[in-house]
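Listed below are the residues making up each chain.
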Amino acid sequence: MASLTLLRQHSKLADPQEQLRILNARSQQPSFDEQLQKQQLPVLHATTIETLQLNLGKLCNMTCEHCHVDAGPDRREIMSAETAQFCLQAFEHPGFQTLDLTGGAPEMNPQFKSLVIAARKLNRRVIDRCNLTILLAPGFQDLPQFLADHHVEIVASLPCYLQENTDAQRGDGAFNKSIQALQKLNSLGYGVPDSGLKLTLVYNPVGFSLPPDQSELETAYRRELKQQFEVQFTNLITITNMPISRFLSELIQQGRFEAYMERLINAFNPATVSGLMCRSILSVDWQGYLYDCDFNQMLSLPVSVPERKHIRDFDYQDLVNRKVITGQHCFGCTAGAGSSCGGALS
């Protein structure tokens, strides 16, 4: 586990422009748009906007090795009450079906509960992207019951069902705390068949490989967690490590950046393109600015609609068919079985 965020380390890679410079320096390789053209696929456009994903800030109780947000306890960027209200006003549009809350640890934002309550009053789906350990932190022990009471879907990061691998990525003690949190959620009905409380686990590779077959890995997770800890869950999704922020820093430090990018590009799967999350999601940062996805957000690549770059100016029709901004990092979403906020794409 990194003890400090890139920002606190004063790393050049804390600057999104430096990350983009490195990603774009590989002139000998095709750009993402060129790869689409090579496969006779059209330029990416959004086809709908079903999900409003809010990054509530970079404050987190953890500092994980793979974090693409560079979140941690030393970050203070959090969404204000005013910006949260702009988001709720936009979310009232009938085209939206899901409010997706992420961070950092989204639960650490004081607006978290009010956002959940307001979205549920609209009878919309709400997702909490949870690191699990926050549910045991002082001042947050009431969260599991709150989430259950409001039927919030939990998407929980658990990089491996083995303690050694999880702690290597998330810090000593993270695995045991995660298991305790999962057992608490199970006791409230989360992950239990027919309870109506959905608990999704998220796997991302500990090393530099692509995720294995999602269905086979889910079977292994289900067997190991049940046998060892009596833990149940609804389903498991796999997410590829994106070559940005802390993972990019790790790749460069270990001399594996070029090889990893080669792996992603060579594993491009055209069958994943139709299901890319950027085609149905709108991402909002802690200040209220709009992006095609959370990864573009971290690279400071805003939406292509000049007049609608802030949530206060939200107009569904202007944004619903927008051209998606792409870059070399997009190969992370189209490699192998694909990767998105909902897991594998093919």
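Before reading on, note that the structure itself is shown above.
Procedures and definitions
- Residues numbered from 1 in each chain as written.
- Predicted model: local features only at pLDDT ≥ 70, side-chain atom pairs only at ≥ 80, totals over all residues.
- Heavy atoms only, no water.
- Axes fitted to C-alpha atoms, helices over the stretch in contact; angles between N-to-C directions.
- Helix = DSSP H or I, 4+ residues; strand = E, 2+ residues; numbered from the N terminus.
- Parallel < 35°, antiparallel > 145°, perpendicular 65-115°, else oblique.
- Contact = heavy atoms within 4.5 Å.
- Nonpolar A, V, L, I, M, F, W, Y, C, P; charged D, E, K, R; others polar.
- Buried < 20%, exposed > 50% of the residue type's maximum accessible area, 1.4 Å probe, protein only.
- Pairing = 2+ DSSP bridges.
- Core = buried A, V, L, I, M, F, W, Y, C linked by side-chain atoms within 4.5 Å.
- Salt bridge = Lys/Arg side-chain N within 4 Å of Asp/Glu carboxyl O.
- Phe/Tyr/Trp six-rings, centres within 6.5 Å; stacked < 30°, edge-to-face > 60°.
- Lys NZ or Arg CZ within 6 Å of the ring centre and 35° of its normal.
- Right-handed = clockwise from strand over helix to strand, strands pointing away.
- Arc of directions from axis to C-beta.
- Polar contact = N/O pair within 3.5 Å; in protein donor to acceptor, adjacent residues only side chain to side chain.

Student: Got a minute to help me understand the packing of helix α6 (residues 163-170) against helix α7 (residues 174-187) in this structure?
Tutor: The geometry of a pair of packed helices is captured by two quantities: the angle between their axes and the separation between those axes. The N-to-C vectors of α6 and α7 enclose an angle of 110 degrees; their axes lie 7 Å apart at closest approach. With respect to α7, the axis of α6 lies roughly perpendicular. Residues Q163, T166, D167 and R170 of α6 pack against A174, F175, N176 and S178 of α7. Of the residues assigned to the contact of α6 with α7, the class counts are two nonpolar, four polar and two charged.

Student: How should the side chain of Q35 be read in this particular structure?
Tutor: Among the secondary structure elements, Q35 is positioned in helix α2 (residues 32-38). Overall, Q35 belongs to the buried group, its relative accessible area being 7%. Once residues lying within four places of it in the same chain are set aside, the contact partners of Q35 are P30, I265, F268 and F331.

Student: Teacher, can you tell me more about the sheet that holds strand β1 (residues 51-55) here?
Tutor: Working definition: the strands of a sheet are paired by backbone hydrogen bonds and lie parallel or antiparallel to each other. Sheet architecture is open: eight strands sit in the order β6-β5-β4-β3-β2-β1-β7-β8, paired in mixed fashion. Single-partner strands in this sheet number two, and they are β6 (235-238) and β8 (290-291). With four bridges joining them, strand β5 (residues 199-203) and β6 adopt parallel strand pairing. Opposite T200, over in β6, you have N235 as the bridge partner. Contacts from helix α3 (residues 81-91) reach β1, β2 (98-102) and β7 (281-284), with the element oriented near 175 degrees to β1.

Student: What is the right way to look at the nonpolar core in this model?
Tutor: In a soluble, globular protein the nonpolar side chains are often hidden away together inside. In terms of nonpolar packing, the biggest core is built from 61 residues, with L54 and Y221 touching the most fellow members. When residues no more than four places from it in sequence are discounted, the contact partners of L54 are M79, C87, L99, D100, L101, T102, L115 and V284. L13, F32, L36 and A105 belong to the second largest nonpolar core, which has 43 residues in total.

Student: When you look at the pattern of salt bridges in this model, what are you seeing that I'm missing?
Tutor: For side chains of opposite charge, pairing can occur when their charged atoms come near one another. As enumerated under the stated definition, the model contains 14 salt bridges in all. A salt bridge links E77 to R75, with the nearest nitrogen and oxygen atoms 2.6 Å apart. The pair E77 / R75 is uniform in exposure class, with both members buried. In this structure, a network of salt bridges that share partners links the residues D70, R75, E77 and R246.

Student: Help me understand the packing of aromatic side chains, please; the structure alone is not making it clear to me.
Tutor: Any aromatic ring pair is given by two values, namely how distant the centres are and how the planes are angled relative to each other. As enumerated under the stated definition, the model contains 12 aromatic pairs in all. Here F32 and F331 contribute two aromatic rings whose centre-to-centre distance is 5.2 Å and whose plane-to-plane angle is 75 degrees, an arrangement assigned as edge-to-face. Taken together, the residues F32 in helix α2 and F331 in helix α13 (residues 331-334) connect sequence positions 299 residues apart. Ring geometry for F247 and Y260: centres 5.2 Å apart, planes at 80 degrees, overall edge-to-face. Of the two residues, F247 sits in helix α9 (residues 245-253) while Y260 sits in helix α10 (residues 257-266), which places them 13 residues apart along the sequence. Across the ring face of F146, the terminal group of K113 is positioned such that the distance to the ring centre comes to 5.3 Å. We note R124 situated over the ring of F91; from NZ or CZ to the ring centre the distance is 5.0 Å.

Student: Quick question: what am I supposed to make of the pairing of β6 here?
Tutor: Every other side chain in a regular strand lies on the same face of the sheet, so the side chains alternate between the two faces. By the alternation rule, side chains of β6 split into N235 and I237 and L236 and T238, which are all buried. Assessed by its sense of winding, the connection that carries the chain from β5 through helix α8 (residues 214-229) to β6 is right-handed.

Student: Help me understand α10, please; the structure alone is not making it clear to me.
Tutor: Three or four residues apart is the spacing at which side chains of an α-helix point the same way, because the helix has 3.6 residues per turn. All buried positions along α10 are accounted for by F257, Y260, M261, L264 and I265. Looking down the long axis of α10, one finds its buried residues gathered within 135 degrees of arc, a one-sided arrangement. Facing away from the buried surface of α10 by more than 90 degrees, the exposed residues are A259 and N266. The inward-facing, buried residues of α10 contact α1 (16-24), α2, α9 and α13.

Student: How should the side chain of R322 be read in this particular structure?
Tutor: Along the polypeptide, R322 turns up in the loop between α12 (316-320) and α13. Taking relative accessible area as the criterion, R322 reaches 3% and is therefore assigned buried. Engagement of the side chain of R322 in a polar contact is seen with the backbone oxygen of L319, the distance being 2.9 Å. In this structure R322 touches H45, A46, I49, C278, I281, L282, Y291, D292, V303, S304 and V305, once residues within four positions along its chain are discounted.

Student: Could you clarify how one ought to interpret the pairing of strand β4 (residues 153-157) in this entry?
Tutor: The buried count for β4 comes to five of five residues, which makes it a mostly enclosed element. Along β4, one buried face is formed by E153, V155 and S157 and the opposite face, lined by I154 and A156, is buried too. Where strand β3 (residues 125-130) lies against β4, four bridges are found, and the strand directions are parallel. Bridge assignment links D128 to a residue of β4, and that residue is I154. The parallel pair β3 and β4 is bridged by helix α5 (residues 143-149), and the resulting crossover is right-handed. In this sheet, β5 lies alongside β4 in parallel orientation, the contact comprising four bridges. In the sheet register, A156 faces β5, and the bridge partner there is L201.

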